[in-house]
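Remarks on the overall topology
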Amino acid sequence: MEYFLIIISAIFVNNIVLAQFLGICPFLGVSNKLSTATGMSGAVCFVITLATLVTYLINKYLLLPFNLEFLQTIAFILVIAALVQMVEIVLKKISPSLYQALGIFLPLITTNCAVLGVAINVVTKEFTFGQAAHMLNLGESLVYAFATSLGYGLAMVIFAGIREHLSMNDVPKAFKGVPVALITVGILAMAFMGFSGMVK
């Protein structure tokens, strides 16, 4: 039951983009086309899940035993940067067209605060399920990371679909581009607020 609550909470209730406002830069930058949004979502999903696994283990078995918690942010950023380089190399080999489409936004995953935010949330934040609050174990951490990245991908794909539809419509000149995108994100965030009563 706890895993189900983690998944629902991470995807809908506490959506990383629409509720916590993390990862906005690539969210707005890569969502012009559905294909690039889907590719970016997959890359972010992979990086967030793998980064959470590695950072959780580094924190538990290296930083905490040696009282080096103050190095968390630096260590986590280094891990994320290394993982993004790995994703970049793999994408260049497997799908050059997706690699070209993502362009500068692929290296920007390194500085995507959603990735770092999830890694830090997992090791520092207490999660409340039922009556008791507790830190997540490794299994719960991976489920939370994967569900959070799915929430990120869901929001990005929905937003990209809306933007593609808007590009074919007659939008007033003053609202074209970024203004209508920001208004759309605001409406999407309000729609996701409807899930807020599902999980505490």
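As a starting point, this report considers the structure included with it. (Residues numbered from 1 in each chain as written. Predicted model: local features only at pLDDT ≥ 70, side-chain atom pairs only at ≥ 80, totals over all residues. Heavy atoms only, no water.)

This brings us to helix α7 (residues 138-167). Compared with the 44 Å implied by 1.5 Å per residue over 30 residues, the 43 Å span of α7 between its first and last C-alpha is a close match. Looking at where α7 begins, the residue whose side-chain oxygen comes 3.1 Å from the main-chain nitrogen of glycine 139 is asparagine 137. (Helix = DSSP H or I, 4+ residues; strand = E, 2+ residues; numbered from the N terminus. Expected span 1.5 Å × (residues − 1). Polar contact = N/O pair within 3.5 Å; in protein donor to acceptor, adjacent residues only side chain to side chain.)

Most peptide bonds take the trans configuration, and most residues that are not glycine carry a negative phi. One non-glycine residue, phenylalanine 21, lies in positive phi territory at about 60°. Among the secondary structure elements, phenylalanine 21 is positioned in the loop between α1 (2-13) and α2 (24-29). On the basis of relative accessibility, which here comes to 56%, the residue phenylalanine 21 falls in the exposed class. One non-glycine residue, asparagine 67, lies in the positive phi region at around 55°. The residue asparagine 67 is located in the loop between α3 (34-63) and α4 (72-94) in this model. (Buried < 20%, exposed > 50% of the residue type's maximum accessible area, 1.4 Å probe, protein only.)

Moving on: the layout of surface pockets. As a volume, the largest pocket reaches approximately 200 Å³. Considering the residues around the largest pocket, the lining is formed by Asn32, Arg163, Leu166, Ser167, Asn169, Val171, Lys176, Gly177, Val180 and Ala181. The set of elements that each furnish at least two residues to the lining of the largest pocket consists of α7 and α8 (178-193). Top contributing element to the lining of the largest pocket by residue count: α7, with 3 residues. Its residues assigned to classes, the lining of the largest pocket comprises 4 nonpolar, 4 polar and 2 charged. (1 Å grid on protein atoms, 1.4 Å probe; cavity = no way out; pocket = protein on both sides within 12 Å on 5 of 7 lines; lining within 4 Å. Points joined across faces, edges and corners; volume = space filled by probe spheres on them. Nonpolar A, V, L, I, M, F, W, Y, C, P; charged D, E, K, R; others polar.)

What follows is about the environment of leucine 98. Along the chain, the position of leucine 98 falls in helix α5 (residues 96-102). With sequence-adjacent residues up to four places away left out, leucine 98 is seen in contact with Ser35, Gly39 and Leu91. (Contact = heavy atoms within 4.5 Å.)

In this section: the packing of α4 against helix α6 (residues 113-124). Viewed as axis vectors pointing N to C, α4 and α6 meet at an angle of 135°, and their least axial separation amounts to 10 Å. When the axis of α4 is compared with that of α6, the two are oblique. As α4 runs across α6, the sense of the crossing is right-handed. Between α4, through Gln72, Thr73, Phe76, Ile77 and Ile80, and α6, the contact on the second element is made entirely by Val115, Leu116, Ala119, Ile120, Val123 and Thr124. For the contact of α4 with α6, the class distribution of residues is 8 nonpolar, 3 polar and no charged. (Axes fitted to C-alpha atoms, helices over the stretch in contact; angles between N-to-C directions. Parallel < 35°, antiparallel > 145°, perpendicular 65-115°, else oblique. Left-handed = near helix turned anticlockwise from the far one by under 90°.)

Moving on: the nonpolar core. In terms of nonpolar packing, the biggest core is built from 52 residues, with Leu18, Phe27, Leu106, Ile109, Tyr144 and Tyr152 touching the most fellow members. The element contributing the most residues to this core is α3, with 9 residues. In this view, tyrosine 144 contacts Ile6, Ala10, Gln20, Val118, Asn121, Val122, Phe127 and Leu136; residues no more than four positions away in its chain are not counted. (Core = buried A, V, L, I, M, F, W, Y, C linked by side-chain atoms within 4.5 Å.)

With respect to the helices, strands and loops of the structure, glutamate 69 is situated in the loop between α3 and α4. Judged by relative accessible area, glutamate 69 falls into the partly exposed class, the value being 33%. Separated by 32 residues in the primary sequence, glutamate 69 and alanine 101 have C-alpha atoms spaced 38 Å apart. When neighbours within four sequence positions are excluded, glutamate 69 is seen to be in contact with Leu63 and Leu64.

Before going further, it helps to spend a moment on a nonpolar patch on the surface. Taken together, the side chains of Phe175, Ile183, Ile187, Met190 and Met193 make up a nonpolar region of the molecular surface, amounting to roughly 530 Å² of accessible area. Mapped onto the elements of the fold, isoleucine 183 is located in helix α8. Residue isoleucine 183 is classed as partly exposed on the basis of its relative accessible area of 41%. (Patch = residues over 30% accessible without salt bridge, like charges linked within 9 Å, V, L, I, M, F, W, Y side chains within 5 Å. Areas by Shrake-Rupley, 256 points an atom, 1.4 Å probe, with all protein chains shown as cover. Salt bridge = Lys/Arg side-chain N within 4 Å of Asp/Glu carboxyl O.)

The next point concerns the side chain of asparagine 121. Among the structural elements, asparagine 121 can be located in helix α6. The contacts of asparagine 121, once residues within four sequence positions are left out, are Gln20, Phe127 and Tyr144.

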